[in-house]
Amino acid sequence: MVSVNGNYIPDDSDRALVERVKLIVRDQTHECVQMLRALLRASHDGEEATQAEVAWQLQDYGLEPVVIRKAPSSIVTHGEFAAESESDAQPRTTIAARRHGVGGGRSLMLWAHPDGMPFDGAPGWSVDPFEGVIRDGRMLGWGVGDDLSGVATMLLIPRILRVLNVPARGDLLMVSAPSKLHASGVLAAMQAGFVADA
């Protein structure tokens, strides 16, 4: 990558790396679909079961998941749009992990939220909303688009980095944080020490 007036212009090595990533993602498609399906099935049993699946996936990649349980009402917020009275007093679980870089680089946090809206039965569904049926190239399921697919994508990143075998200089932080109903899961992770440059 070259810098021209502060703007980064990709060079041939960057383009080659992008092509390698595309091939790896294509090769990992089946695994990613299976991962998303596992998250969807776990979500049938609630947020805790989904977070347990996230922790297991991170462990499977050789990372050490950290379980952070905090009541949203106990999380110190600054300028949040939710009234304190709207914050739940019941603990919610955030799962965080850090993939250490080799040093000398900036850190990056990826986060997604595993909590969907409460399931209200299956009126209007033509398939089981927790089976992960694929129709016309799309997975159908409760919370797949908001935001289990984001969680699965985040979990795919360490696998891609491992296959690439390219040492990252900065740390990569992954946070699966509840966000619905003013959960403030990302803030819980940050207050537990999971803070990144970007």
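Just so we're clear, the structure is a prediction, and the values are computed from it rather than from any experiment.

A. Region of the structure containing the pairing of strand S8 (residues 172–176). Of all five residues in S8, five are buried; the element is thus mostly enclosed. Taking every second residue as pointing to the same face, both faces of S8 are buried, with Leu172, Met174 and Ser176 on one and Leu173 and Val175 on the other. Looking at chain direction, strand S4 (residues 92–99) and S8 are connected through five bridges and run antiparallel. Its bridge partner lying in S8, Ile95 is registered against Ser176. Here five bridges tie strand S5 (residues 108–112) to S8, and the two strands are oriented parallel to one another. Each residue of the ladder has a partner; that of Leu110, found in S8, is Met174.

B. Highlighting the sheet that holds strand S3 (residues 66–70). The strand order across the open sheet built from four strands is S3-S4-S8-S5, with neighbouring strands paired in mixed fashion. Looking at which strands have only one partner, the edges of the open sheet turn out to be S3 and S5. Adjacent strand axes in the sheet meet at a mean angle of 20 degrees when their direction is disregarded. Strands S3, S4 and S8 of the sheet are contacted by helix H3 (residues 47–60), whose axis makes an angle of about 10 degrees with S4.

C. Fine view of the side chain of Thr94. Considering the arrangement of structural elements, one finds Thr94 in strand S4. A relative accessible area of 2% means that Thr94 is categorised as buried. Apart from residues no more than four positions distant in its own chain, Thr94 is found in contact with Gln51, Val66, Val67, Ile68, Val175, Ser176, Ala177, Pro178, Gly185, Ala188 and Ala189.

D. Region of interest: the packing of aromatic side chains. This model, assessed by the stated rule, comprises three aromatic pairs. Geometrically, the ring pair formed by Phe119 and Phe130 is edge-to-face, given 4.9 Å between the ring centres and 75 degrees between the ring planes. Taken as a pair, Phe119 in the loop between S5 and strand S6 (133–135) and Phe130 in the loop between S5 and S6 lie far apart in primary sequence, 11 residues in all. Relative to Trp142, the ring of Phe119 has its centre 5.0 Å away and its plane inclined at 80 degrees; by these criteria the two rings are edge-to-face. Here Phe119 is found in the loop between S5 and S6, whereas its partner Trp142 is found in the loop between strand S7 (138–140) and helix H4 (144–164), with 23 residues between them in sequence. You can call Phe119 partly exposed: its relative accessible area is 35%. The exposure class assigned to Trp142 is partly exposed, which follows from its relative accessible area of 21%. Aromatic ring contacts, followed pair by pair, group Phe119, Trp125, Phe130 and Trp142 into a single cluster.

E. Geometry of the pattern of salt bridges. All told, the structure shown has eight salt bridges when counted by the stated rule. A salt bridge links Glu48 to Arg69; its shortest N-O distance comes to 2.9 Å. Of this pair, Glu48 sits in helix H3 while Arg69 is found in strand S3, placing the two residues 21 residues apart along the sequence. Residue Lys180 pairs with Asp146 through a salt bridge whose shortest N-O separation is 2.7 Å. Here Asp146 lies in helix H4 and Lys180 lies in the loop between S8 and helix H5 (185–191), a separation of 34 residues in the sequence.

F. Focus on the confidence of the model for the protein. Considering every residue of the protein, the mean pLDDT works out to 88; 91% of them sit at 70 or more. Across the protein, the secondary-structure element scoring lowest on mean pLDDT is strand S1 (residues 2–4), at 57, and the one scoring highest is S8, at 97.

Rules used in this analysis
- Residues numbered from 1 in each chain as written.
- Predicted model: local features only at pLDDT ≥ 70, side-chain atom pairs only at ≥ 80, totals over all residues.
- Heavy atoms only, no water.
- Buried < 20%, exposed > 50% of the residue type's maximum accessible area, 1.4 Å probe, protein only.
- Helix = DSSP H or I, 4+ residues; strand = E, 2+ residues; numbered from the N terminus.
- Pairing = 2+ DSSP bridges.
- Axes fitted to C-alpha atoms, helices over the stretch in contact; angles between N-to-C directions.
- Contact = heavy atoms within 4.5 Å.
- Phe/Tyr/Trp six-rings, centres within 6.5 Å; stacked < 30°, edge-to-face > 60°.
- Salt bridge = Lys/Arg side-chain N within 4 Å of Asp/Glu carboxyl O.
- pLDDT = per-residue confidence, 0-100.

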